[in-house]
Amino acid sequence: MRKLYKILSSRSFFFALLALVQISLFFWLAWRFTTIGPYTYAFMIMAAALVVVFLLNRDDVDPSYKVMWLLVTVILPVPGALMYLTWGDRKLPAKVARRFSLVEYQAAQAMRSDEQLFSVLEKAAPQLSRQAEYLGRMAAAPVYQQTDCTYFSCGEEFFPFFLKRLSEAQECIFLEYFIIEQGEMWDKTLEILAERASAGVDVRVIWDGFGSLFTLPENYEQKLARMGIKARIFNPLALSPHISDYIMLNHRDHRKICVVDGDVGFTGGLNFADEYINRKKRFGYWKDTAFCIQGPAVYSLTVTFLKMWHYLSGQVPDYNAYLPKSRGVTDGFVQPFADTPLDDENVSESAYMNIINRAKDYVYLTTPYLVLDYQLQTALTLAAKSGVDVRIVVPGIPDKPYVYLLTRSYYRPLLQAGVKIYEYTPGFIHAKMHVSDDKVAVVGSANLDFRSLYLHFENCCAFYGGQIVQDVRRDVENCFAQSRLVTMADVNATPRYRRILQMIFRFFAPLM
């Protein structure tokens, strides 16, 4: 029954249903053409034309995203227009938009930027300071020092350390994750959460309604409440009389955040499911990364969590109550940042683009999904053509075969430009790592695909200098050693039917 519900609630099913409506309408009109057919057809053309004109005048929409919706609307006027109005436009109804804007504004006001510290970074590394200035302005993300950073190259290293810090909580534990699945990883975590809650610790959990739809039982938040744990679900799938609720279904909370006592923070690519710590085998070895920060930079993670809690619960947080008390020792600069799909700024993509465009020697990237828009593809190919050593690691064993087929459709133009592509042979790489010139690294939750960069709530952290940049580089280089280098001969050997499928999937890439 749950599998059936998953199918019925998917975008693919909804699109197929609308396509069926369009086909039925076509045959019905053909039958009734002599009476109402011409008027209905004229109405359909006018509706499609209005959507097309609207799209053509959108300067803030990626060209490939725009072309896809244009073609869908022209081919299927009725379902195409409905699909675009429901999911294609990121604009929200005024009431919802005002609510989000208020939450974002209050959170931004709570952030504290140290202009003197930014000046230090600007003098030490002028090129890096431009990235930091962008994130500071567009994502309200301060730059920090005095923050200890511990990097974990896999879930097995992360989990014992994580549990230990969790068990030491005295004041609060905040968790915000896309997927929470019952099993060893979550059960051990929940045991500590329940124990800490019984000791008076403020424990709060947020999970995504779609990401955890089939991994948690219904009314799970009530079970947590009986343990003293406060829980909220972001965008649960449910029938609603408000159209804005269906528009919001296209936006998911893909963040991975844990904050302990406002002083210790965890983030990266890890969700709560046993494959992330390789207790359960799915798609070979599951490669992922995480890191722990301790010190002033944790405040940015705390604020990111609290503003989502504010939106879901309606409770206005006292941000000042969660200012970090500890100070660490760091040899670099730390800048956690969050990305929201409800504004006109693609912060995560711009952060990645800044790294690529400013690279002089090398850019190394890892991503589970390589679904590039025009800007990213151009930046990567231009960097490689300019002599920068550009390398990308993608999974050797995919979790979604159709996305894997789409990923491989980008190989030819990238290889022709000189980009090196590696397929991680041990299994599935879920890590999102970006490192360049031994100077800057970004690690977090945002994939290189349309959904992460345009439609999801994400969070990442930029590191400027310091040991953790070297840790990320060594980890990526270790992935190279375990991966197979893709050649043009591999691309040319792709069967024709797969090339045809790749062409089709490329057209729908913005939806994947």
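That block above? That's the structure.
Notes on the structure in this doc start here. Treat the numbers as computed from the prediction; the structure is a model and nothing was measured. (Residues numbered from 1 in each chain as written. Predicted model: local features only at pLDDT ≥ 70, side-chain atom pairs only at ≥ 80, totals over all residues. Heavy atoms only, no water.)

Below, the discussion takes up the side chain of N278. Relative to the helices and strands, N278 resides in the loop between β6 (264-268) and β7 (285-287). Note on N278: relative accessible area 12%, which makes it buried. Within the structure, the side chain of N278 is placed 2.9 Å from the backbone nitrogen of W286, a separation counted as a polar contact. Contacts of N278, omitting those with residues within four sequence positions, involve E156, G284, Y285 and W286. (Helix = DSSP H or I, 4+ residues; strand = E, 2+ residues; numbered from the N terminus. Buried < 20%, exposed > 50% of the residue type's maximum accessible area, 1.4 Å probe, protein only. Polar contact = N/O pair within 3.5 Å; in protein donor to acceptor, adjacent residues only side chain to side chain. Contact = heavy atoms within 4.5 Å.)

This paragraph deals with the sheet that holds strand β14 (residues 433-436). Ordered in space as β9-β16-β15-β14-β10-β11-β12-β17, the eight strands form an open sheet in which the pairing is mixed. Strands at the two margins of the open sheet, each flanked by one partner only, are β9 (333-339) and β17 (483-485). Adjacent strand axes in the sheet meet at a mean angle of 15° when their direction is disregarded. Pairing analysis gives seven bridges linking β9 to strand β16 (residues 458-464), with the strands arranged antiparallel. (Pairing = 2+ DSSP bridges. Axes fitted to C-alpha atoms, helices over the stretch in contact; angles between N-to-C directions.)

On to unusual backbone geometry. Even without a glycine there, the phi angle at N235 is positive, about 50°. Its location among the elements puts N235 in the loop between β4 (230-234) and α12 (243-248). We classify N235 as buried; its relative accessible area is 12%. The residue D261 is not glycine, and still its phi comes out positive at about 60°. Locating D261 in the fold gives a position in the loop between β5 (256-260) and β6.

We now examine the pairing of β9. Within β9, seven of the seven residues are buried, which leaves the element mostly enclosed by the surrounding structure. Judged by which residues are buried, β9 turns out to be covered on both faces: F333, Q335, F337 and D339 on one side and V334, P336 and A338 on the other are all buried.

Here helix α14 (residues 347-358) crosses helix α15 (residues 374-385) at 15°, and the two axes come no closer than 9 Å. Between α14 and α15, the angle falls in the class roughly parallel. Relative to α15, the crossing made by α14 is left-handed. Every residue of α15 that contacts α14 at E349, M353, I356 and N357 is listed here: Q375, L376, A379, L380 and A383. Here the contact of α14 with α15 is built from residues that sort into six nonpolar, two polar and one charged. (Parallel < 35°, antiparallel > 145°, perpendicular 65-115°, else oblique. Left-handed = near helix turned anticlockwise from the far one by under 90°. Nonpolar A, V, L, I, M, F, W, Y, C, P; charged D, E, K, R; others polar.)

F162 and F337 are the most contacted members of the largest nonpolar core, which totals 100 residues. Apart from residues no more than four positions distant in its own chain, F162 is found in contact with L175, T189, C258, F266 and F272. Formed by 50 residues, the second largest nonpolar core is a distinct cluster that contains F174, Y299, V393 and F457. (Core = buried A, V, L, I, M, F, W, Y, C linked by side-chain atoms within 4.5 Å.)

Before going further, it helps to examine empty space enclosed by the protein. Within this structure, the stated rule accounts for five cavities of 30 Å³ or more. In this structure, the second largest cavity spans a volume of roughly 60 Å³. Forming the walls of the second largest cavity are F100, V103, E104, R255, K307, M308, Y311 and F457. Elements supplying a minimum of two residues to the lining of the second largest cavity: α6 (94-110) and α13 (298-313). The residue makeup of the lining of the second largest cavity, split by class, is five nonpolar, no polar and three charged. (1 Å grid on protein atoms, 1.4 Å probe; cavity = no way out; pocket = protein on both sides within 12 Å on 5 of 7 lines; lining within 4 Å. Points joined across faces, edges and corners; volume = space filled by probe spheres on them.)

Mapping Q482 onto the fold places it in the loop between α19 (467-481) and β17. Taking the C-alpha atoms as reference points, Q482 and P426, separated by 56 residues in sequence, lie 7.0 Å from one another. Each residue touching Q482, except ones within four places of it in the same chain, is listed here: Y424, T425 and P426.

Take the environment of I192 next. In this structure, I192 sits in helix α10 (residues 184-198). In this structure I192 comes out as buried when scored by relative accessible area, which is 16%. What I192 contacts, discounting residues up to four positions off in sequence, is L163, L166 and S167.

Once that is clear, we can look at the packing of α6 against α13. Two elements in contact, α6 and α13, have axes separated by 10 Å at closest approach and are oriented at 155°. Classified by the angle their axes make, α6 and α13 are roughly antiparallel. Where α6 crosses over α13, the two elements pack in a sense that is right-handed. Contact residues: V96, R99, F100, V103, E104, Q106, A107 and A110 in α6; Y299, V303, K307, H310, Y311 and L312 in α13. Taken together, the residues of the contact of α6 with α13 break down into nine nonpolar, two polar and three charged.

If you walk through the whole model with that rule in mind, you get 27 aromatic pairs. Look at F234 and F457: their rings are 5.2 Å apart centre to centre, the planes differ by 75°, and that puts the pair in the edge-to-face class. Here the residue F234 occupies a position in strand β4, and F457 occupies one in the loop between α18 (450-455) and β16, the gap between them amounting to 223 residues. Classification of F457 as buried rests on a relative accessible area of 1%. Where Y276 meets W286, the ring centres are 4.8 Å apart and the plane angle is 55°; that geometry is what we call tilted. Remark: W286 occurs in strand β7 and Y276 occurs in the loop between β6 and β7; sequence separation between them is 10 residues. The pair Y276 / W286 is uniform in exposure class, with both members buried. Members of the aromatic cluster, connected to one another through ring pairs, are F152, F158, F159, F161, F162, Y177, W186, F266 and F272. When the ring centre of Y362 is taken as origin, the NZ or CZ atom of R473, which lies over that ring, is 4.6 Å away. (Phe/Tyr/Trp six-rings, centres within 6.5 Å; stacked < 30°, edge-to-face > 60°. Lys NZ or Arg CZ within 6 Å of the ring centre and 35° of its normal.)

Turning our attention to the state of the cysteines. A complete count under the given rule lists zero disulfides for this structure. Cysteine C149 is unpaired, with the sulfur of C461 as its nearest cysteine sulfur at 6.7 Å. On the basis of relative accessible area, C149 is assigned to the partly exposed category, the value being 27%. C172 carries a free sulfur, and the closest cysteine sulfur to it, the one in C258, is 9.5 Å from it. (Disulfide = S-S within 2.5 Å.)

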